[in-house]
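Topology and contacts: notes
Here are the chains, one letter per residue:
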There are 2 protein chains.
Amino acid sequence: MREVVEKAQKAQKAISSLAIATTDEKNTALLKIADVLEQRMAEILEYNEKDLERGREVGLSQALIDRLTLTEKRITAMAEGVREIVELEDPVGEVINRWKRPNGLIIEKVRVPLGVIGMIYEARPNVTVDSTALALKTGNAIVLRGGSSAINSNKAIVKIIHEALAETNIPVDAVQLIENTARSSAEEMLKMDKYLDVLIPRGGASLIRTVVENSTVPVLETGVGNCHVYVDKDADPDMAEKIVVNSKTNRPAVCNAAETLLVHEEWAKSYLSRLAESLQDAGVELRGCEEARKIVPTLKEASEGDWAEEYLDLIMAVRIVKSVEEAIKHIAKYGTKHTEAIVTDNNEIAQRFIKAVDAAAVNHNASTRFTDGFEYGFGAEIGISTQKLHARGPMGLPELTSYKYCVYGNGQVRG
Amino acid sequence: MREVVEKAQKAQKAISSLAIATTDEKNTALLKIADVLEQRMAEILEYNEKDLERGREVGLSQALIDRLTLTEKRITAMAEGVREIVELEDPVGEVINRWKRPNGLIIEKVRVPLGVIGMIYEARPNVTVDSTALALKTGNAIVLRGGSSAINSNKAIVKIIHEALAETNIPVDAVQLIENTARSSAEEMLKMDKYLDVLIPRGGASLIRTVVENSTVPVLETGVGNCHVYVDKDADPDMAEKIVVNSKTNRPAVCNAAETLLVHEEWAKSYLSRLAESLQDAGVELRGCEEARKIVPTLKEASEGDWAEEYLDLIMAVRIVKSVEEAIKHIAKYGTKHTEAIVTDNNEIAQRFIKAVDAAAVNHNASTRFTDGFEYGFGAEIGISTQKLHARGPMGLPELTSYKYCVYGNGQVRG
């Protein structure tokens, strides 16, 4: 399989000119891409139709067909997304730190692109545009390996991106699409540590797991969220209800939705019935521990498996705890280090929870749903990292950069 | 093999109390460790002697025996090293950034420990003490997996560390030593992504490669350095000589020593003979390209392999280039992204080199040997990263931390 190596090498060769591209040059290229995407809409839709035909033939689910489908409106939205990235600040070139050593050396820590980003993803062709725009804005080259179901759409989009780039100062080779969508091409990408600086898998849990387990390239893992809301003894009942219902029902299928409700036993005696009713009214199936079911007999019985499950659905596990410490222990055992929330009017208890809970985001009196690059004000989101190296939580543009040390001397040598 | 899982789990359980340990509590524990290491010197030396006896029996090289050997002086140095770490600023708890969103949410990005660090290393028992001290100072638990040749020394040291910790507020379980030194125990550690947050291999290139290729745990890679010095057309001859000789000969066996000299053809005509003589006087064997050998006939002939080789010895490859661009291209092809230096009085050329060269450190008019945590003023060094994710170049205490987002609300939910 020469394709993967050759394209990864080409991307690698593009990074030296990308690294010195100015913000203006990068933005001009992005605006060109946005314009050409809109101008060539008919062509993209035609290729997308081929994917859809084949998808229907092989019996793809309606959900997958929907993710795969492009429309004029969706292409316009993709182009608008690129224009929004143009508006964001370019992190490359920022002097993060600068200091002088006693021997006169001046050391500057300067933000630079990561180099070549490998992206392995599934059906949605908008990821092709979105990832390319984020990579180019941060001076990175990108090697795209999308799923077979979207290959015609992806080919059309990348062809158009190449034609747009050809009219700019950004090298065409900065964007590479792997056209072979056999499993082996993804496997080969995982071993390209010579040419790829990072791999970002975007897709379901099994895709991410395969990448983490087999990649020799460093991975930015965006993982599952088994998020909890802990309602403390001193929680305001109205606020608790609002936050729990929002965390569970605002968008149940995403990673920052809450899956388990932990309730202090004293609070539960007074208010759990009312909270359970609100959740049930919102269509949530509740599965409780024995103690919870004594208070609210309408709860189904929770099994051990419920505490670890990311339902991504209108289902919530409910457990009574005796203290904040018991809540912290439960989260340490079952949590996925994504987002954990506490509702309490007691600041001391809140601080204990915030410090002891090991998660990307720990929220006091706020919905778990806020863990999001846009909600944080980043203006873009590459994903939500659940690992602790490099980046944690919502990742914006700076998370697609590294740094280098520029050392300025006047003849210093080491003694 | 229950040992690896059980010890990794124990370390994982220790992190919630480590995360809330105060700087004073951590420093008290480190001082206790330093004191007890000195008080129990005789015991450590006795166990070290067992390793040395076995090492001589199995015919370890003198170099390995030397790395393995502990003396009173070396143990005192280890204890002093721990006390120096006490003096350094604790990065944990630093508020890296804090901002308020339009909806009133206050978001704090706070520095936190990584969690559990896995350390895989070879013969030197001082790594056991050094790594433990760096980990505990930054609130991390550590799982140590040293080489079989040092197992008795490591057992004695960790036993003493455990006894010291038992008298402090830092949990004894924060430090774990894998006593089984079969290859399988290292292999098992590489798959412990459920309990380990990062793996740091310390040792030779083949150990590091094995870890990178097989680990499902994120790796902090400290790699090889095929470092270059480029002497530009406008280089001051005296400065060039001083920097090239220092970069090559100051300590040839380390990763920031220079391996290849690139010289602009015009400069070479006037000054290469003199520079070559200085290097040869310092005992350096020079291997040149055809052009270089025309100017300095005493150079041996360089083969293609020489450009890629990290000699770690008094050998240097020499190549004539026509421009800074050719130097940049050579470095892009053969460099390992560690440290690259340019000697020139022309600031424009220097800036072009600094921006285009992709390396952890790019030095203008300074020796390559300065890429070092102590030389940068970090006060400690975990290693020199040659990857671009998480940390690049010399790593100090902050590089052993991650961050979390603490989000403060008063009932905010997402619309």
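Residues numbered from 1 in each chain as written. Chains lettered and ligands numbered in written order. Predicted model: local features only at pLDDT ≥ 70, side-chain atom pairs only at ≥ 80, totals over all residues.

Helices and strands together make up the secondary structure of chain A, namely 15 helices and 16 strands. Relative to a compact globule of 415 residues, whose C-alpha radius of gyration would be 22 Å, chain A shows 24 Å and is just as compact. With the C-alpha coordinates aligned to their principal axes, the bounding extent of chain A is approximately 70 × 70 × 35 Å. A burial count over chain A gives 53% of its 415 residues as buried. Within chain A, counting contacts between residues at least 6 apart in sequence, those at least 24 apart form 73% of the total. (Helix = DSSP H or I, 4+ residues; strand = E, 2+ residues; numbered from the N terminus. Rg over C-alpha atoms; globule rule 2.2 N^0.38 Å. Buried ≥ 20, exposed ≤ 12 C-beta atoms within 10 Å, placed from the backbone. Contact = placed C-beta atoms within 7 Å.)

All names here are of chain A. If you walk across this open sheet you meet the four strands as β5-β4-β3-β6, and the pairing is parallel. Single-partner strands in this sheet number two, and they are β5 (175-177) and β6 (198-202). The average angle at which neighbouring strand axes cross in this sheet is 20 degrees, direction not considered. Pairing of strand β3 (residues 116-121) with strand β4 (residues 141-145), which is carried by five bridges, proceeds in the parallel orientation. Bridging across to β4, Ile 120 finds its partner in Arg 145. With respect to the sheet, helix α6 (residues 126-137) is in contact with β3, β4, β5 and β6, its orientation differing from that of β4 by roughly 165 degrees. Packing against the sheet, helix α9 (residues 205-214) makes contact with β3 and β6, and its axis sits at approximately 160 degrees to β6. (Pairing = 2+ DSSP bridges. Axes fitted to C-alpha atoms, helices over the stretch in contact; angles between N-to-C directions.)

This paragraph deals with the sheet that holds strand β16 (residues 401-412) of chain A. Read across the open sheet, the ten strands follow the order β1(A)-β2(A)-β16(A)-β13(B)-β12(B)-β7(B)-β8(B)-β11(B)-β9(B)-β10(B); overall the sheet is mixed. Each edge of the open sheet is held by one strand with a lone partner, namely β1 (95-100) of chain A together with β10 (300-301) of chain B. Where strand β9 (residues 285-288) of chain B lies against β10 of chain B, two bridges are found, and the strand directions are parallel. Across the sheet, residue Gly 288 of chain B finds its bridge partner in β10 of chain B, namely Glu 301 of chain B.

As a further point, take the nonpolar core. Taken as a class, soluble globular proteins show a tendency for nonpolar side chains to be buried jointly. Ile 142, Ala 174, Val 231 and Phe 353 of chain A together with Val 231 and Phe 353 of chain B are the most contacted members of the largest nonpolar core, which has 263 residues in total. With residues up to four places along the chain from it excluded, the contact list for Val 231 of chain A reads Ala 240, Val 244, Leu 261, Val 263, His 264, Trp 267 and Val 343 of chain A. (Core = buried A, V, L, I, M, F, W, Y, C linked by C-beta atoms within 7 Å.)

Right, let's talk about the interface of chain A and chain B for a bit. Contacts between chain A and chain B engage 60 residues on the former and 60 residues on the latter. At the level of elements, α1 (2-19), α9, α10 (237-249), α14 (324-334), α15 (347-356), β13 (361-366) and β16 of chain A are the ones that each hand at least two residues to the side of chain A that touches chain B. Among the elements that make up the side of chain A that touches chain B, the one with the highest residue count is β16 of chain A (eleven residues). Grouping the constituent residues of the side of chain A that touches chain B by class yields 30 nonpolar, 18 polar and twelve charged. In the sheet, β13 of chain A pairs with strand β16 (residues 401-412) of chain B via five bridges, with the strands oriented parallel. Bridge pairing in β16 of chain B places Asn 363 of chain A opposite Val 407 of chain B. (Nonpolar A, V, L, I, M, F, W, Y, C, P; charged D, E, K, R; others polar.)

Here we come to the relation of the copies chain A and chain B. If you rotate chain A by 180 degrees and push it 0.0 Å along the axis, it lands on chain B with an RMSD of 0.0 Å. In the structure described here, the two chain copies are related by an operation that fits a two-fold rotation axis. No C-alpha of chain A approaches the rotation axis more nearly than that of His 390 of chain A, which lies at 1.7 Å. Take the interface residues of chain A: 100% of them recur as interface residues in chain B, which is what a same-surface contact looks like. (Least-squares fit on C-alpha atoms with pLDDT ≥ 70 in both.)

Residues and elements named next belong to chain B. Extensive coverage of strand β11 (residues 315-321) is indicated by the burial of six of its seven residues. Judged from the five bridges that link them, strand β8 (residues 258-264) and β11 form a sheet pairing that is parallel. Bridge pairing in β11 links His 264 to Val 321. Strand direction decides the pairing type here: β9 and β11, joined by four bridges, are parallel. Bridged to Arg 287 within β11 is Ala 317.

Counted at 1.5 Å a residue, the expected span for helix α1 (residues 2-19) of chain B with its 18 residues is 26 Å, and the 26 Å between its end C-alpha atoms agrees. In the core, the buried residues of α1 of chain B are packed alongside α15 of chain A together with β2 (106-113), β3 (116-121), β4 (141-145), β5 (175-177) and α8 (183-189) of chain B. (Expected span 1.5 Å × (residues − 1).)

All names here are of chain A. Counting buried residues along β6, five of its five residues qualify, which places the element largely inside the surrounding structure. Neither face of β6 is left uncovered, since the one carrying Val 198, Ile 200 and Arg 202 and the one carrying Leu 199 and Pro 201 both have all their residues buried. Pairing of β3 with β6, which is carried by five bridges, proceeds in the parallel orientation. Considered in β6, the bridge of Gly 118 is made with Leu 199.

Glancing now at helix α7 (residues 151-166) of chain B. All names here are of chain B. With 16 residues, α7 extends 22 Å from end C-alpha to end C-alpha; this agrees with the ideal 22 Å at 1.5 Å per step. Within α7, burial applies to Ile 151, Asn 152, Ser 153, Asn 154, Ala 156, Ile 157, Ile 160, Ile 161, Ala 164 and Leu 165. Looking at the packing, one finds that the buried side of α7 touches α2 (23-39), α3 (41-57), α6 (126-137), β4 and β5.

Quick look at the packing of α2 of chain B against α7 of chain B now. Residue and element names in this part refer to chain B. Across the interface, α2 lies against α7 with an axial gap of 9 Å and an inter-helix angle of 135 degrees. Judged by the inter-axis angle, α2 sits oblique to α7. At the point where α2 passes α7, the crossing takes the right-handed sense. Contact with α2, carried on its side by Ala 29, Lys 32, Ile 33, Val 36 and Leu 37, involves Ile 160, Ile 161, Glu 163, Ala 164 and Leu 165 of α7 and no other residues of that element. Taken together, the residues that form the contact of α2 with α7 break down as eight nonpolar, no polar and two charged. (Parallel < 35°, antiparallel > 145°, perpendicular 65-115°, else oblique. Left-handed = near helix turned anticlockwise from the far one by under 90°.)

All names here are of chain B. Of note, Ile 44 is situated in helix α3. For Ile 44, a count of 24 C-beta atoms within 10 Å translates into the label buried. Residues Ile 44 and Pro 252, spaced 208 residues apart in sequence, show a C-alpha to C-alpha distance of 32 Å. Setting aside anything within four residues of it in sequence, one finds Ile 44 in contact with Leu 70, Ile 75, Ser 153, Ala 156 and Ile 157.

On to the environment of Asp 236 of chain B. Residue and element names in this part refer to chain B. The residue Asp 236 is located in the loop between β7 (227-231) and α10 (237-249) in this model. Classification of Asp 236 by C-beta neighbours within 10 Å gives partly exposed; the count is 17. In sequence terms Asp 236 and Arg 56 are 180 residues apart; their C-alpha atoms lie 51 Å from each other.

Attention now moves to the environment of Gly 305 of chain A. Here Gly 305 of chain A is to be found in helix α13 (residues 304-308). Gly 305 of chain A gets classed as exposed once you count the C-beta atoms within 10 Å, which come to 9.

Coordinates in, geometry out; function isn't part of it.
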